[in-house]
Amino acid sequence: MIDVILGLQWGDEGKGKIVDYFAPNYDIIARFQGGPNAGHTLYVDGQKIVLHQIPSGVFHNHTTNLIGSGVVLDAVTLKRECESVAKFGADVRKNMFISKRTHLILPTHRALDKASELQKGDGKIGSTLKGIGPAYMDKTGRNGLRVGDLLDKNFTTNYIKLRLKHQRLLDNHNFNEDITAWEEEFFEAVEFLRSLNIVDGEYFINEKIRAGKKVLAEGAQGSMLDIDFGTFPFVTSSNTITAGVMSGLGVAPQLVRDVIGITKAYCTRVGGGPFPTELHDATGEELRKAGNEFGATTGRPRRCGWIDLVALNYACMINGVTKVVMTKADVLDKFTPLQVCTAYNVNGVETDHIPFDICKANIEPVLQSFPGWNTDTTVCKTENDLPETMRTYIQFINERIGAPVKWVSNGPGRDQIVPL
């Protein structure tokens, strides 16, 4: 069977640590979508490491890690990451596999990403400029190159053909940038990529499941950034929800068992787009400082606000969430009162539904106030250690999102998770 871990907000919910926490219980950790715009932060022997492409089970020797077909792969980023994790004793040639059907991000994809974002001006999406969007566009446009193509003697010829097509698009954007250095890095990384375990991912994972292996599917970004059900057009380019597991790994829906959703105890967002509970005041700034809310991939400051139960309930619904992990609860230790968004007032009408065009809707969050706990929760080990006001806060959320909070993360350490 397959369990799924994914974000229920706009990404940055702390998925890396949670996957690392659960990884010892699984035989295979599989990334099913997204690209190097993911930034999954882990702490290994007290040292911080951010994974962008490699699944978060890489530091567990017994665990096999699969990069699935739904991912778009940056060979340069992957090579750097492999070198980085090797310093911590992880052997990617032994425990990491890459699906042949995984699409490649080319240097010209990065250029196209930059050109497109520059043309949008004030309406820019907030892209990480990693080439993810253009790579997915080539995939749906049936133009892309895949990891399996690296094994074909005509790879370089096919690369040049696609590069020329991209150059014509860049000319249309009046965009000029020397990508010679990018290409040199790319072809070096391609040689490295050829030395890794490249497999038929769909057969690989289904054979493992038939052999009784336990799989944890690791999502990137968050549900509210889903290309179909997120806050379009301020979304990512892939399906970040449970449905993406099937198309991203090549597995049947009946194989999915638990869907573990991750939410912060408050809410953040990077880049542009609607954010109904965003705080533009000193409290929002204090949340940013207390939570160290700066992008793991970009370093950009995150926008901060109160937890949004309208969006959270929506995300639980479309994902079929069975259990919830609440992360960064300790960040709220010194905040009082706390606010929780229970509904939206949209153009004067109260609703608990996400509007179709949330970008154009005039939304005022309906907030309910809770006392803070003003206690250091980072030392808590059991549910009984948690302050009563915190348990009241969590119970209120439980009753409104259709899935129970089963774990609370109360610090960055591997052991700082309290089961409920």
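Attention here is on the structure that accompanies the text. (Residues numbered from 1 in each chain as written. Predicted model: local features only at pLDDT ≥ 70, side-chain atom pairs only at ≥ 80, totals over all residues. Heavy atoms only, no water.)

## Here we look at the overall build of the protein
Step number 1: Summing up its helical and strand segments, the protein has 12 helices and 20 strands in all.
Step number 2: The C-alpha radius of gyration of the protein comes to 21 Å, within 12% of the 22 Å expected for a compact globule of 420 residues.
Step number 3: With respect to the principal axes defined by its C-alpha atoms, the protein has extents near 65 × 50 × 40 Å.
Step number 4: Here the protein holds 420 residues, and the buried ones make up 56% of them.
Step number 5: Taking as baseline every contact in the protein between residues at least 6 positions apart, the subset at least 24 positions apart corresponds to 77%.
Step number 6: If you sum the accessible surface of the protein, you get close to 17,700 Å²; carbon and sulfur atoms cover 49% of it.
Step number 7: Taking the average place of the 46 positive charges on the side chains of the protein and the average place of its 49 negative ones, the gap between the two points comes to 5 Å. (Helix = DSSP H or I, 4+ residues; strand = E, 2+ residues; numbered from the N terminus. Rg over C-alpha atoms; globule rule 2.2 N^0.38 Å. Buried < 20%, exposed > 50% of the residue type's maximum accessible area, 1.4 Å probe, protein only. Contact = heavy atoms within 4.5 Å. Areas by Shrake-Rupley, 256 points an atom, 1.4 Å probe, with all protein chains shown as cover. Lys, Arg positive; Asp, Glu negative; His and termini not counted. Charge placed at Lys NZ, Arg CZ, Asp CG, Glu CD.)

## Focus: the pattern of salt bridges
Step number 1: This structure, assessed with the given rule, holds 20 salt bridges.
Step number 2: Its salt-bridge partner being Arg 302, residue Asp 12 comes within 3.4 Å of it at the nearest N-O pair. With Asp 12 in the loop between strand S1 (2-7) and helix H1 (15-22) and Arg 302 in the loop between helix H10 (282-290) and strand S13 (303-305), this residue pair connects regions lying 290 residues apart in the sequence.
Step number 3: Residue Arg 302 is classed as buried on the basis of its relative accessible area, which comes to 7%.
Step number 4: Linking Lys 323 and Asp 258 is a salt bridge whose minimum nitrogen-to-oxygen distance equals 3.3 Å. One end of the pair, Lys 323, is in strand S15 (residues 323-327); the other, Asp 258, is in strand S11 (residues 256-264), and 65 residues separate them in sequence.
Step number 5: Linked by salt bridges that have partners in common, Asp 12, Lys 264, Glu 293, Arg 302 and Lys 328 make up one network. (Salt bridge = Lys/Arg side-chain N within 4 Å of Asp/Glu carboxyl O.)

## Remarks on the pairing of S1
Looking along a regular strand, one sees side chains alternate from face to face of the sheet.
Step number 1: Judged by how many residues are buried, S1 sits mostly within the fold: 6 of 6 residues are covered.
Step number 2: Here S1 pairs with S11 via 5 bridges, running parallel. Within S11, the residue paired with Leu 6 across the bridge is Gly 261.
Step number 3: Alignment of S1 against strand S10 (residues 215-218), held across 4 bridges, turns out to be parallel. Pairing of Val 4 across the sheet is with Ala 217, part of S10. (Pairing = 2+ DSSP bridges.)

## Focus: the nonpolar core
Step number 1: Of all hydrophobic cores here, the largest spans 55 residues; its most connected members are Ile 2, Val 4, Leu 249, Leu 332 and Tyr 393.
Step number 2: For this core, the leading source of residues is helix H12 (residues 388-401), giving 6 residues.
Step number 3: Setting aside its immediate chain neighbours within four residues, Val 4 contacts Phe 32, Leu 216, Ala 217, Thr 242, Val 245, Val 256, Asp 258, Val 259 and Ile 260.
Step number 4: Counting 34 residues, the second largest nonpolar core, distinct from the first, contains Phe 59, Val 71, Ala 75 and Leu 104. (Core = buried A, V, L, I, M, F, W, Y, C linked by side-chain atoms within 4.5 Å.)

## Let's talk about the pairing of S10
Step number 1: Neither face of S10 is exposed, since Val 215 and Ala 217 on one face and Leu 216 and Glu 218 on the opposite face are all buried.
Step number 2: Bridge count between strand S2 (residues 28-31) and S10: 4 bridges; the pairing is parallel. Of the residues in S10, the one forming a bridge with Ala 30 is Ala 217.

## Describing helix H6 (residues 155-172)
Step number 1: The terminal C-alpha atoms of H6 lie 26 Å apart, and with 18 residues this matches the ideal 26 Å at 1.5 Å per residue to within 8%.
Step number 2: Of the residues making up H6, those classed as buried are Phe 155, Tyr 159, Leu 162, His 166 and Leu 170. What you see down the axis of H6 is that its buried residues fit within an arc of 95 degrees, all on one side. Of the residues in H6, the exposed ones pointing more than 90 degrees away from the buried face are Lys 161, Arg 168 and Asn 172. (Expected span 1.5 Å × (residues − 1). Arc of directions from axis to C-beta.)

## With respect to the sheet that holds S15
Step number 1: Ordered by their spatial adjacency, 10 strands build an open sheet running S9-S7-S5-S2-S10-S1-S11-S15-S19-S20, and the pairing between neighbours is mixed. Looking at which strands have only one partner, the edges of the open sheet turn out to be strand S9 (197-199) and strand S20 (417-419). If you compare each strand with its neighbour and ignore which way they point, the axes differ by 25 degrees on average. (Axes fitted to C-alpha atoms, helices over the stretch in contact; angles between N-to-C directions.)

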